[in-house]
Structures are given as C-alpha cells and as structure tokens.
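What the coordinates show
Take a look at the letters that make up each chain.
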Amino acid sequence: MTMKTEKTNAARLLDKAGIRYELIPYTVDENDLAAGHIAEQLGEPLEQVFKTLVLFGDRTGHFVCVVPGDQEVDLKKAAKASGNKKCDLIPMKELLPTTGYIRGGCSPVGMKKAFPTYLEESATLYDHIYISAGIRGLQFRISPADLISYTGATVTDLV
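The paragraphs below set out a description of the structure included in this document.

Parameters and conventions
Residues numbered from 1 in each chain as written. Predicted model: local features only at pLDDT ≥ 70, side-chain atom pairs only at ≥ 80, totals over all residues. Heavy atoms only, no water. 1 Å grid on protein atoms, 1.4 Å probe; cavity = no way out; pocket = protein on both sides within 12 Å on 5 of 7 lines; lining within 4 Å. Points joined across faces, edges and corners; volume = space filled by probe spheres on them. Nonpolar A, V, L, I, M, F, W, Y, C, P; charged D, E, K, R; others polar. Pairing = 2+ DSSP bridges. Helix = DSSP H or I, 4+ residues; strand = E, 2+ residues; numbered from the N terminus. Axes fitted to C-alpha atoms, helices over the stretch in contact; angles between N-to-C directions. Buried < 20%, exposed > 50% of the residue type's maximum accessible area, 1.4 Å probe, protein only. Salt bridge = Lys/Arg side-chain N within 4 Å of Asp/Glu carboxyl O.

The next subject is empty space enclosed by the protein. Using the criterion set out here, one finds one cavity of 30 Å³ or more in the structure. By volume, the largest cavity amounts to about 40 Å³. For the largest cavity, the full set of lining residues is Tyr26, Thr27, Val28, Asp29, Asp32, Leu33, His37, Ile38, Gly104 and Arg136. Among the residues making up the lining of the largest cavity, the classes are represented as four nonpolar, three polar and three charged.

What the five strands build is an open sheet, ordered 4-2-3-5-8; its pairing is mixed. Every interior strand has two partners, whereas the edge strands, strand 4 (87-89) and strand 8 (154-156), have only one. Neighbour-to-neighbour, the strand axes of this sheet turn through a mean angle of 30 degrees, independent of strand direction. Pairing of strand 2 (residues 50-57) with strand 4, which is carried by three bridges, proceeds in the antiparallel orientation. Note that in strand 4 the partner of Phe56 across the bridge is Asp88.

What follows concerns the layout of surface pockets. Taken as a whole, the largest pocket spans an internal volume of roughly 590 Å³. Together, 25 residues line the largest pocket, and Lys51, Thr52, Leu53, Arg103 and Gly104 are the ones closest to its centre. Per element, the largest residue contribution to the lining of the largest pocket is five residues, and it comes from strand 2.

Moving on to the pairing of strand 2. When you tally the buried positions in strand 2, you get six out of eight residues, the bulk of the element. Bridge count for strand 2 against strand 3 (residues 61-68) is eight bridges, and the pairing is antiparallel. Across the sheet, the residue bridging to Phe50 is Pro68, located in strand 3.

In this section: the pattern of salt bridges. As a working rule, side chains carrying opposite charge can pair if their charged atoms are close by. If you walk through the whole model with that rule in mind, you get five salt bridges. Between Lys51 and Glu72 there is a salt bridge, with the nearest N and O atoms lying 3.4 Å from each other. Taken together, the positions of Lys51 in strand 2 and Glu72 in the loop between strand 3 and helix 3 (75-82) put the pair 21 residues apart, joining distant regions of the chain. On the accessibility criterion, Glu72 (60% relative accessible area) is exposed.

And the structure:
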C-alpha cells in the first residue's frame, strides 16, 4: 500500500513561488528526532540534511539558522551574523506559538512570520540539501540557491 504524500503548507508556498523541490517521506521515530536518524532514513550524508533552529537575539528578536545535521550552531557566530550581541535558542515551548511548527518538523519555509534567515555556507557546496517540509516525516530536497532565493537567507559561517 502506498501512502499519498500530503502537501504541507510550506510545499504549497514553494509551488506558488515556482520553486522546484521534491518531497521525500521518511519514517519518524518519536524517540529520535535528530537529523542523524533522518539522514539514515534517506540514505544521504548527514552534512546534507539541514536542521532549522529558531533563536532569539538581544537586539533583533527572533531569527532562523539552518545548519547541517552533523553540526551545532555557534551562538557567537549566529549573534554576529544577525546583528546581535548575544542570542540563544528559543525554549521548546515557544517553538509552536512562534513558528507554527513543532520540534522535528520546523521548516525555514512558511513560518507564521518571515524571520531573518541565515544558512550555513556549507549548504552551497551541494546541488541539493534536505530541510524539513513542515511536518515530522517529510523533507524537502531543494537546491540551496532556490532556498536562499525563497527565504531571502543570508549565507554565512554559523558553525
């Protein structure tokens, strides 16, 4: 039995903008929402599976960092890139009310508000990267250039 992959709100937004992508489903493990599990499911290198993090800066407020699954965001670099003195990840309980997304299904596409977005520069080394399509169990396979174009992301060193 094949399941029809439901289009997410993020996918509809990319469609509307004429951005090319592929929706890639994977099996969710509620006990392992890490990018490593997703990369394993997709059979792709972990450094090509990107995670979307929401941070809060002392000067600019909320912003988004998209970093490779095998890396952690460097808060000093993220603060500098975003024009803040310091920043931190937002508390998990604030993720859904702030973005409209839950942990493990947070996409840089289609958040409740368009937050400034920063993409780790290593993304540009690849023809395509994987990012959340807005729900657990579904990834976008998208070219970094198209993601940058759609989100207005600044490409910078974040790790």
